[in-house]
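Report on the structure
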Amino acid sequence: MEEKRHYFDVVVIGSGLAGLRASIEAVKVGSVAVLTKLYPTRSHSTAAQGGIGAALGNEEPDDPAWHTFDTVKGSDYLGDQDAIELMCYEAIPTVIELEHMGVPFSRTPEGKIAQRRFGGHTKHFGAEPVRRACYSADRTGHAVLFALFEQANRLGVRFFEECQVLDIVIEDNKVQGIIALELKSGILHIFEAKAVVVAVGGFGRLFKVTSNALASTGECLSMLFEQGVPLEDMEFFQFHPTGIYGLGILITEGARGEGGILINGLGERFMEKYAPTLKDLAPRDVVARAMLQEIREGRGINGKDYVYLDLRHIPREIIEKRLPEISSFCKIYLGIDPAEAPIPVAPTAHYAMGGIPTDIHGRVRADIGETFIEGLYSAGECACVSVHGANRLGCNSLLDTLVFGRQAGKHIVQNFKDLTKGSVPRARIERVKDMIKDFINRKGKERLSNLREELQEVMTTYCSVFRDEEGLKRAIESIRDLRERFKYISLRDSSLIFNQELLNAFELYHMFNLAEVIAQSALMRTESRGAHYRVDFPSRDDEAWLKHTFAFKRGEEIVFKYRPVMITKFTPQERKF
Amino acid sequence: MEEKVYIFRIKRFNPQSGPESYFQDFEIVLSEYERVLDGLLKIQSELDPSLAFRRSCAHGICGSCAMRINKKNRLACQTLVKELPKVITIEPLPGLPVIKDLVVDMDPFFEKIAEVMPYLINRDPPPERERLQRPEDQEKILEAITCILCGCCTTSCPVYQQSKDYIGPSALLRAYRFIFDTRDQAGKERLERITSKIGLFHCHSALKCLNACPKGIDLPAHIFKLKKLALKTAIRRKD
Ligand SMILES: Cc1cc2nc3c(=O)[nH]c(=O)nc-3n(C[C@H](O)[C@H](O)[C@H](O)COP(=O)(O)OP(=O)(O)OC[C@H]3O[C@@H](n4cnc5c(N)ncnc54)[C@H](O)[C@@H]3O)c2cc1C
Ligand code: FES
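Residues numbered from 1 in each chain as written. Chains lettered and ligands numbered in written order. Predicted model: local features only at pLDDT ≥ 70, side-chain atom pairs only at ≥ 80, totals over all residues. Heavy atoms only, no water.

1. Some words on the pattern of salt bridges
All names here are of chain A. If you walk through the whole model with that rule in mind, you get 78 salt bridges over all chains. Note that K123 is salt-bridged to E60, the shortest N-O span being 2.6 Å. On the criterion of sequence distance, the pair formed by K123 in strand β5 (residues 115-123) and E60 in the loop between β4 (52-53) and α2 (64-74) is long-range, its members being 63 residues apart. In this structure K123 comes out as buried when scored by relative accessible area, which is 13%. The salt bridge involving R426 is made with E430; its shortest N-O contact spans 2.9 Å. With R426 and E430 both in helix α12 (residues 426-441) and four residues apart, this pair spans about one turn of that helix. (Salt bridge = Lys/Arg side-chain N within 4 Å of Asp/Glu carboxyl O. Helix = DSSP H or I, 4+ residues; strand = E, 2+ residues; numbered from the N terminus. Buried < 20%, exposed > 50% of the residue type's maximum accessible area, 1.4 Å probe, protein only.)

Structure representation (structure tokens):
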């Protein structure tokens, strides 16, 4: 197998918003390589529709202090308030800077960045919805991703596209570099660096129905986990209320921000019952549970497992101007025009609140205290700062990727002299080669795709919106069983060029780890908070559980430690919307 | 849900097994809501895991899965099988080197994009707040900014098929996106770049790109506006 060695001062894994924003900062001090398993502009950030939250106050008075409060409350008080405050205040210069980089935001009549309503975002600390989401029609992610990619190129960031990272090398508590397979050539690339930024996005593909890309598989989190790095708050996975029924394709919350409402089989606007003030714009965990409760009680459409998102009362012109993309999804995939027919929707696996634990500078924590893996940074959906706590508000993820992508880049710039060059030991390269050989040579009776589908089925059945002890235990058992069966897979493609079967095998191998961490973390947490709802423990228990879960791999076991939540201004209260 | 049998007739090529490409038929059952991409994924899972194609978002927004489906460049994830006949012929995008099966080397395509300096250039010191842009000004680039760089348009262009040095509709659209952005200041340089070499005026309005864009962008209209602007600029320069 051919090898190529490279040295870059900084290596960034992932070319979504987080990775690109980090690279734009880091390239100020040294050479930067961005690796991505896709072509950069195909990263899933491009799918973000609704907007970025920032209290610009362009359409009506707004205040970053309100944004901070909303985010804390939305997180069900599990978010770290120092990080949240930083994010909400930095939001304003961050969005302005994006505009300067060329992002084509939608505009107000006087030419300022337009803003719209989004779930959980309010004025005067919860009084009523506020226009805070800065958007580019319903293609915000695409608009921002392109502008960042363009500027990163302009500044001399080097891109290694379609290079899938197979190992992140940590030795002696320092990141040394990474090992990646180039898809089109089959060459193994070894990168050594002073710093590595992990910005690999989400892992919604653990579930059967998801808004996430086929590439959102999360293997890099597991690579770190296997080397002793903890994973934080993995039990908190967000289900977005409005996925197109059956397909999971997202209909942005912006559709409700523009006035869309949810209706059940009886034609009732049921959110009025569950969240009298914010109604359809309550946070996602609340709305997703309400929908499923309606469905469970037989009030789905024709008694089936979906409800309707109704946009029919919104003027066609508004739909076409502000929601063109989702309108086209409805036409293409459902054959309906949302201005004339309601859209069948059901919750879809959407966003990982948990992930690689970092401080506000993006440094990856080695433990629950203030110790870090030298040179290792993480930002974006794969990281957990934690600003989203138990439930993320819409529009806060793009913001998180940008603010903390930049924080990581800045920290690298400021500490550049103290960072030492890494060196990838031969043994680690041989290990990856052995793994490739081993996978390719496996000739058992199990089919890879069956195992993946079964895993998704298990996660969907037991680890979705409603959870309980019995189900979670069953999930853990099934995951272990699947992992065992994985030993007997059979690969048919033995080439190294664009061998998707091989890459799928790598991904699935790691997905078992993430699945088990999610199920075990959820089993441990005997309370309900934000997106984590335990039917057998239906209320929040601050006394026992106002703390972050840290899962560690110790041998074959997962052990847990807990870290206190950072509370500065807002003491936990019961959430009412 | 109604299910039907489809024959996917796929053009195969694997550099490690030989220099020749050939067609292979796969028979699969798909429901009326499924897309060509679902069919390909099913073949990869159940019949032949060595089948190579690009995919990621699965809903027409990332631009990965462009390929030639029944002689038309389309996104596999946006093409419902029920709109197609029983036999579906699938080939890689034309005019680009094939790496494996339906995966083409996109480098020549992206090199053309890079030629137009695809990034906003504004040399004034950035103001404290956003640069203002009136909605009617933004209107001019609204369609152009929806491009997902899938390659469907350029690889359908007969001029590009004849000369791989031709800049192609996609790169022209990229240039347009910046030239007509009121915040950009490098319009002149860009115009020069797209009119020198085998550029803008080699487009002879064959209009093959008119219906090629899966996002519905009217490429000929944008190219026409670029030509008008380039002519006006040239005349002004002569005056
Ligand atoms: C449909 C949809 C709509 C959304 N809408 C909004 C919204 O309106 N507002 C909002 O705030 N948030 C929204 N979100 C959430 C938000 O878009 C994501 O959380 C965010 O874009 C993630 O960005 P990222 O940079 O962390 O990762 P991504 O953009 O997912 O990028 C991950 C990168 O990592 C690379 N990668 C992964 N694994 C490897 C590997 N092994 N080797 C090499 N490279 C690898 C990938 O190639 C990719 O480049 C939405 C999400 C979805 C799915
Ligand atoms: S998979 Fe993204 S466009 Fe088809």
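2. Thoughts on the sheet that holds β4(A)
Residues and elements named next belong to chain A. Strand order in the open sheet made by the three strands is β4-β6-β5, with antiparallel pairing throughout. Two strands lie at the open edges of the sheet, namely β4 and β5, each paired on one side alone. Sheet analysis places β5 next to strand β6 (residues 128-134), joined by five bridges and oriented antiparallel. Looking at the pairing, Q115 lines up with C134 of β6. Contacts between α2 and the sheet are confined to β4, β5 and β6, with β5 contributing the most and set at about 60 degrees to the helix. (Pairing = 2+ DSSP bridges. Contact = heavy atoms within 4.5 Å. Axes fitted to C-alpha atoms, helices over the stretch in contact; angles between N-to-C directions.)

3. A few points about the packing of aromatic side chains
Overall, the coordinates contain 25 aromatic pairs over all chains when judged by the stated rule. Between F439(A) and F506(A), the aromatic rings sit 5.0 Å apart at their centres with planes inclined by 85 degrees, giving edge-to-face as the arrangement. Taken together, the positions of F439(A) in helix α12 and F506(A) in helix α15 (residues 500-524) put the pair 67 residues apart, joining distant regions of the chain. Accessibility expressed as a relative area gives 2% for F439(A), which makes it buried. Site record: aromatic cluster; members linked through ring pairs are Y39(A), F149(A), F159(A), F109(B) and F110(B). For the cation-ring pair, K445(A) lies above Y488(A), with the distance from its terminal atom to the ring centre recorded as 5.8 Å. (Phe/Tyr/Trp six-rings, centres within 6.5 Å; stacked < 30°, edge-to-face > 60°. Lys NZ or Arg CZ within 6 Å of the ring centre and 35° of its normal.)

4. Side note on the domain arrangement of chain B
Residues and elements named next belong to chain B. Considered domain by domain, chain B is made up of domain 1 (3-104) and domain 2 (107-238). Taking only C-alpha atoms into account, the centre of domain 1 sits 30 Å from that of domain 2. Listed by partner, the interface residues are 15 residues for domain 1 and 16 residues for domain 2. It is N73, G95 and L96 that lose the most area in domain 1 upon contact with domain 2, and together they represent 37% of the buried surface on that side. Counting the contacts that link domain 1 with domain 2 gives zero salt bridges. At the surface where domain 1 touches domain 2, the tally comes to six residue pairs in polar contact (both at pLDDT 80 or more). (Domains from an automatic or database assignment. Buried area = accessible area lost by both parts, 1.4 Å probe. Polar contact = N/O pair within 3.5 Å; in protein donor to acceptor, adjacent residues only side chain to side chain.)

5. What to know about the domain arrangement of chain A
All names here are of chain A. Its domain assignment divides chain A into domain 1 (50-138), domain 2 (241-347) and domain 3 (426-537). Centre-to-centre separation of domain 1 and domain 2, based on C-alpha positions: 23 Å. On the side of domain 2, 16 residues touch domain 1, which itself brings 12 residues to the contact. Around 1100 Å² of area is buried between domain 1 and domain 2 when both sides are counted, 58% of it from carbon and sulfur atoms. Where domain 1 packs against domain 2, one counts one salt bridge. With a closest N to O distance of 3.2 Å, E258 and R116 form a salt bridge. Where domain 1 packs against domain 2, one counts five residue pairs in polar contact (both at pLDDT 80 or more).

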